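Residue-level structure breakdown
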Amino acid sequence: QLALVESGGDLVQPGGSLRLSCVASGPMKYVTIGWFLQAPGKEREMVSCITARGRITHQAESAKGRFTTYRENDKKTAYLQMNNLNVEDTAVYYCAEDGQSTECSADMTDWGKGTSVTVSS
């Protein structure tokens, strides 16, 4: 199975930017990657989904125009570039993988431990 490690979370002011990284290691190199967030006291929800070939199959409405999902397969890394952050973006962000589908869901095979994003003035 794959191991996923997220990084890049931080404390930022409203309007700021962050780039989250998801580095994969394990036997399967190219898999679909999903980004999810879990706000305090809320259920986990999907931010974006990107296939092994870089096709975006999902992007949350709240992320459109602000967030960009991309990947560099030679580095086995997927990214979530977040711009114009607001306080509602405060959450733990997770990446997850699925080698059997080009879609993302809460039932993806492997999950990272998350990286914390806090947006506050």
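Cut-offs and rules
Residues numbered from 1 in each chain as written. Predicted model: local features only at pLDDT ≥ 70, side-chain atom pairs only at ≥ 80, totals over all residues. Heavy atoms only, no water. Phe/Tyr/Trp six-rings, centres within 6.5 Å; stacked < 30°, edge-to-face > 60°. Helix = DSSP H or I, 4+ residues; strand = E, 2+ residues; numbered from the N terminus. Lys NZ or Arg CZ within 6 Å of the ring centre and 35° of its normal. Contact = heavy atoms within 4.5 Å. Buried < 20%, exposed > 50% of the residue type's maximum accessible area, 1.4 Å probe, protein only. Pairing = 2+ DSSP bridges. Disulfide = S-S within 2.5 Å.

1. With respect to the packing of aromatic side chains
- Throughout the structure, instances matching the rule amount to 2 aromatic pairs.
- Look at Phe36 and Trp111: their rings are 4.7 Å apart centre to centre, the planes differ by 50°, and that puts the pair in the tilted class. On the criterion of sequence distance, the pair formed by Phe36 in strand β4 (residues 32–38) and Trp111 in strand β10 (residues 110–111) is long-range, its members being 75 residues apart.
- Taking the centre distance of 4.8 Å and the plane angle of 20° together, the rings of Tyr70 and Tyr79 count as stacked.
- The side chain of Arg44 reaches across the aromatic face of Tyr94, ending 3.9 Å from its centre.
- Here Arg44 stacks its cationic end above the ring of Trp111, 4.8 Å away from the centre of that ring.

2. Considering the side chain of Thr69
- If you trace the backbone, Thr69 turns up in strand β7 (residues 67–72).
- Discounting residues that sit within four places of it in the chain, Thr69 has contacts with Trp35, Ser48, Ile50, Ile56, Tyr79 and Leu80.

3. Details of the pairing of strand β1 (residues 3–7)
- Every second residue of β1 is oriented toward a common face, the buried set being Leu4 and Glu6 and the non-buried set Ala3, Val5 and Ser7.
- As paired strands, β1 and strand β3 (residues 18–25) are joined by 5 bridges and run antiparallel to one another. For Val5, the partnering residue across the bridge sits in β3 and is Val23.

4. Some points on the environment of Ala106
- Among the structural elements, Ala106 can be located in the loop between β9 (91–98) and β10.
- Relative accessible area serves as the criterion here: at 64%, Ala106 is assigned to the exposed category.
- Each residue touching Ala106, except ones within four places of it in the same chain, is listed here: Phe36 and Trp111.

5. So, the state of the cysteines
- By the definition in use, this model includes 2 disulfides.
- One disulfide in the model links Cys22 with Cys95; its S-S distance is 2.1 Å. Classification of the bridge connecting Cys22 and Cys95 rests on its S-S torsion, roughly 75°, and on that basis the disulfide is right-handed. A residue pair is termed long-range when its members are at least 10 positions apart, and Cys22 in strand β3 and Cys95 in strand β9 qualify at 73 residues. Of the two residues, Cys22 and Cys95, both sit in the buried class.
- Across the disulfide, Cys49 is cross-linked to Cys104 (sulfur-sulfur distance 2.0 Å).

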